[in-house]
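Residue-level structural notes
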Amino acid sequence: MADEGALQAAIAAREKTVTSLLSNPPAAVKAALADPPYSSTSDETRRASAKVVVKALGAVAEKDIASVVDGLSGAEQDLLMKYVYRGLETGEQSTQLFKWHASLTEKAGMGCIMRALSEKQRV
Amino acid sequence: MSTAQQPYLACVRSTLTAALCLQNFGCQEVERHNKPEVETGKASEVILNPVVIARNENEAVMIEPSVNSVRVSVKIKQSDELEEVLVAKFMRFLMQRAEHFLVLRRKPVPGYSLSFLITNVHTETMFKHKVVDFVIQFMQDIDKEVSGMKLGVSSRGRVVAAKFLEQFTY
């Protein structure tokens, strides 16, 4: 069982990397998607992790969303879809997240949504 | 009004299309029985991850998929007390006639205004894209209906008050 403290420290470190990379949106998104807290048992840790990703996504301009999604690998796109659903739970920044969801569905297809629904490794 | 809702409805539509891949799955505990697994909630291996798509804190859709059934719960926007009462009464009216809707659930999931229960039998007998269209259309029309009812309440109140107060004038 992974230590919550270690996971939270990793998320805080990830947040710092993302904040420093905000001027380079594609790199910020990739950095935010690194090291997902799959083994976490605390809801708070997962929400903190999702917040980092939503922050990175918010830095990308609307016209660049498609190109950023293209630059991600298949596994990263699946992970991003899981994070988008996490972000949509609260209802904050929903307009931004809907754009990302639409772009991801177009590029990665229904399979991406299916994997977000069925994989036991939840982000 | 509806153009702002389009991305939200598109997201719900694609998620619902993916979630509605259902197949027959007999009950694992009782032989010869067939139950909607999302409702029994006992076996974790046949239940998929629930997803909440919230537009803001008042409007949300929760989709709980499983191997043979999907539960879609809708939280309808209620901005004041009058709308809350109207929505509650309207939903009660619809839920009492749930057999006519086929896919409606008689009780909403706690925290939501209305719930649909779509099983593999429904996807086998009806077109899947039509079922999705129905849910999306429902979500679109509900807001219009509720605001129409609200206007109706205030105009009826005005007419009744005028008639009543007429008797006090010369």
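See the structure shown above.
The paragraphs below set out a description of the structure included in this document. (Residues numbered from 1 in each chain as written. Chains lettered and ligands numbered in written order. Predicted model: local features only at pLDDT ≥ 70, side-chain atom pairs only at ≥ 80, totals over all residues. Heavy atoms only, no water.)

Moving on: the layout of surface pockets. Residues and elements named next belong to chain A. Its volume calculated, the second largest pocket comes out at about 280 Å³. Together, 13 residues line the second largest pocket, and Arg 47, Lys 51, Gly 87, Thr 90 and Glu 92 are the ones closest to its centre. If one sorts the elements of the lining of the second largest pocket by residue count, helix α3 (residues 43-58) sits on top with six residues. Per-class residue counts for the lining of the second largest pocket are three nonpolar, three polar and seven charged. (1 Å grid on protein atoms, 1.4 Å probe; cavity = no way out; pocket = protein on both sides within 12 Å on 5 of 7 lines; lining within 4 Å. Points joined across faces, edges and corners; volume = space filled by probe spheres on them. Helix = DSSP H or I, 4+ residues; strand = E, 2+ residues; numbered from the N terminus. Nonpolar A, V, L, I, M, F, W, Y, C, P; charged D, E, K, R; others polar.)

A word on empty space enclosed by the protein. All chains considered together, the criterion is met by two cavities of 30 Å³ or more. In this structure, the largest cavity spans a volume of roughly 130 Å³. Lining the largest cavity are 13 residues, with Lys82(A), Tyr85(A), Ala116(A), Arg122(A) and Asn49(B) sitting closest to its centre. Residue contributions to the lining of the largest cavity peak at three residues, all from helix α5 (residues 74-88) of chain A. Partitioning the lining of the largest cavity into residue classes produces six nonpolar, two polar and five charged. Considering only enclosed or pocket space, the second largest cavity measures out at about 70 Å³ in volume. Lining of the second largest cavity is provided by Gln5(B), Tyr8(B), Glu59(B), Val74(B), Lys75(B), Ile76(B), Lys77(B), Met139(B), Ile142(B) and Asp143(B).

The next point concerns helix α3 (residues 81-96) of chain B. Residue and element names in this part refer to chain B. Look at α3: 23 Å from first C-alpha to last across 16 residues, which is about the 22 Å you get at 1.5 Å a residue. When α3 is considered as a whole, its buried residues turn out to be Glu 83, Leu 86, Val 87, Phe 90, Met 91, Leu 94 and Met 95. The arc enclosing the buried residues of α3, seen along the axis, measures out at 155 degrees, which places them on a common side. Facing away from the buried side of α3 by more than 90 degrees, the exposed set consists of Glu 81, Lys 89 and Arg 92. Summarising the contacts, the buried residues of α3 are in contact with α4 (98-101), β4 (114-119) and α6 (128-166). (Expected span 1.5 Å × (residues − 1). Buried < 20%, exposed > 50% of the residue type's maximum accessible area, 1.4 Å probe, protein only. Arc of directions from axis to C-beta. Contact = heavy atoms within 4.5 Å.)

At the interface, 20 residues of chain B touch 18 residues of chain A. Around 1,600 Å² of area is buried between chain B and chain A when both sides are counted, 64% of it from carbon and sulfur atoms. Taken together, the links from chain B to chain A amount to eight residue pairs in polar contact (both at pLDDT 80 or more). Looking at the side of chain B that touches chain A, the elements that each hand over two or more residues are α1 (2-19) and β1 (51-54) of chain B. (Buried area = accessible area lost by both parts, 1.4 Å probe. Polar contact = N/O pair within 3.5 Å; in protein donor to acceptor, adjacent residues only side chain to side chain.)

Here we take up the sheet that holds strand β2 (residues 60-65) of chain B. Strand pairing in a sheet relies on backbone hydrogen bonds. The paired strands run either parallel or antiparallel. All names here are of chain B. Pairing is antiparallel in the open sheet, where four strands are placed in the order β1-β2-β3-β4. At either margin of the open sheet sits one strand with a lone partner, and together these are β1 and β4. Shown here is a sheet whose adjacent strand axes are inclined to one another by a mean of 15 degrees, direction ignored. Pairing of strand β3 (residues 69-75) with β4 involves six bridges; the strand directions are antiparallel. Its bridge partner being in β4, Arg 71 is matched across the sheet by Leu 117. (Pairing = 2+ DSSP bridges. Axes fitted to C-alpha atoms, helices over the stretch in contact; angles between N-to-C directions.)

Turning our attention to the side chain of Asn49(B). Checked against the element boundaries, Asn49(B) lands in the loop between α2 (37-40) and β1. Among the polar contacts made by the side chain of Asn49(B), one reaches the main-chain carbonyl oxygen of Ala116(A) at a distance of 3.2 Å. There is a polar contact of 2.9 Å between the side chain of Asn49(B) and the backbone oxygen of Glu119(A). Those residues within four positions of Asn49(B) in sequence are excluded, and the remaining contacts are Ala116(A), Leu117(A), Ser118(A), Glu119(A), Arg122(A), Ile63(B) and Pro65(B).

Residue and element names in this part refer to chain B. Following both chains from N to C, one finds α1 and α6 inclined at 150 degrees, their axes separated by 10 Å at the closest point. For the element pair α1 / α6, the angle class is roughly antiparallel. Between α1 and α6 the crossing geometry is right-handed. Contact residues: Gln 5, Gln 6, Tyr 8, Leu 9, Val 12, Arg 13, Leu 16 and Thr 17 in α1; Lys 128, Val 132, Asp 133, Val 135, Ile 136, Met 139, Gln 140 and Asp 143 in α6. (Parallel < 35°, antiparallel > 145°, perpendicular 65-115°, else oblique. Left-handed = near helix turned anticlockwise from the far one by under 90°.)

Turning to the nonpolar core, a few remarks are in order. In this structure, Leu80(A), Trp100(A), Ile53(B), Val72(B), Met91(B) and Phe116(B) are the most contacted members of the largest nonpolar core, which totals 70 residues. Looking at this core, the element that brings in the most residues is α6(B), giving eight residues. Ranked by size, the runner-up nonpolar core spans six residues in total, among them Val52(B), Met62(B), Val109(B) and Tyr112(B). (Core = buried A, V, L, I, M, F, W, Y, C linked by side-chain atoms within 4.5 Å.)

Function-wise, these values are silent; they only describe arrangement.
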